[in-house]
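# Inside the fold
These are the residues of each chain, in order.
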Amino acid sequence: MIDSTSMIKVKDLVRKYGEVTAVDSVSFEIAPGEIVGLLGHNGAGKTTLMRILTSYLPATSGEVLIGGKDVRENSLAVRRKIGYLPETPPLYPDMNVRDFLAYAARLKDAPAADVDRVLAECDLADAADKVIGTLSKGFKQRVGIAQAILNDPELLILDEPTSGLDPVQVRQVRKLITNLKEKRTVLLSTHVLSEIEHMAQRVLIIKAGKIIADESLNTLLTGAEGEQEIVIRMNGDGDDAVRKIRDLRLPGVETIEVRKLQQSLESVFIKLNE
Ligand SMILES: Nc1ncnc2c1ncn2[C@@H]1O[C@H](COP(=O)(O)OP(=O)(O)OP(=O)(O)O)[C@@H](O)[C@H]1O
Ligand SMILES: [Mg+2]
């Protein structure tokens, strides 16, 4: 059954490399407009999953629908719909930045004016005439992001978009993703957990090819297993607080409140991977 309400629908997806099962019975759906972070340790299967979604790698079994279309049967249409930043962006080292983006724009049927837009959005205007092979890693990454957002795709699949970027550029990429027009769907992988906290509303955690969590960021961080803390406000010096907690009648204790402690995404991630 085709579900046209999902931008991405994945069902029982498996990808094997010989003996290694890189993606193991994965199922999930992403609705239009969602920004979803894909988290997982090295080798968890993030890149393999993204390559299957973008139709660059065939699955061993299972089903992937992008905008209701099966990726195997509509690989060209699917690739046109998606802006994809691969783990290693396929750049032409001998071309300059502007010529490469103009070439990529032609392949995607994007208007020529789009090249100037993406150069500006990725802060590449000053590097437009430089040869790609001479650029630093971070600048190459920006060119990869620039080609992904050509033609304003409905769906962006970004494999570690902030890898190799300096903090200023990381902030710009974050802004770029959060400023995308409504109904733009984004799936991004990252190792930088704080990035997900800033950009995504939902998190998929993949471990050894299996999805071990699929939650809204909020639920994940304040879930049933959230720890509690007792906060005691005291007059004066709090050095001997622990001893004083044993006797709440001590003078100087004003208020006692119990509240749920928000876990960091990092601690949830580490716990889930234990
Ligand atoms: N071309 C390949 N041939 C054989 N095994 C592969 C191939 N590509 C990936 N694998 C294996 O599949 C598993 C998943 O790899 P994948 O690159 O998808 O992980 P990842 O989550 O993207 O990791 P990283 O965070 O390091 O980028 C790993 O065990 C990896 O060794
Ligand atoms: Mg990877």
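Conventions used here
Residues numbered from 1 in each chain as written. Chains lettered and ligands numbered in written order. Predicted model: local features only at pLDDT ≥ 70, side-chain atom pairs only at ≥ 80, totals over all residues. Near = placed C-beta within 6 Å. Helix = DSSP H or I, 4+ residues; strand = E, 2+ residues; numbered from the N terminus. Nonpolar A, V, L, I, M, F, W, Y, C, P; charged D, E, K, R; others polar. Pairing = 2+ DSSP bridges. Contact = placed C-beta atoms within 7 Å. Axes fitted to C-alpha atoms, helices over the stretch in contact; angles between N-to-C directions.

Around ligand 1, the neighbouring residues are Y17, V20, A22, G40, N42, G43, A44, G45, K46, T47, T48 and E87. Listed by contribution, the elements that provide at least two residues to the shell around ligand 1 are β2 (20–30) and α1 (46–53). A per-element tally of the shell around ligand 1 places α1 first, with three residues. Among the residues forming the shell around ligand 1, the class breakdown is four nonpolar, six polar and two charged.

Moving on, we get to the sheet that holds β2. Taken together, the four strands give an open sheet; going across it, the order is β2-β1-β4-β5, and neighbouring strands pair in antiparallel fashion. Unpaired on one side and paired on the other, β2 and β5 (69–70) mark the two borders of the sheet. On the sheet, α1 packs against β1 (8–17), β2 and β4 (61–66) and is oriented at approximately 60 degrees with respect to β2.

The subject of this paragraph is the sheet that holds strand β9 (residues 202–207). Ordered by their spatial adjacency, six strands build an open sheet running β6-β7-β8-β3-β9-β10, and the pairing between neighbours is mixed. Each edge of the open sheet carries a strand with a single partner, namely β6 (82–85) and β10 (210–216). With strand direction ignored, the average angle separating the axes of adjacent strands in the sheet is 15 degrees. Across four bridges, the pairing between strand β3 (residues 35–39) and strand β8 (residues 185–189) is parallel.

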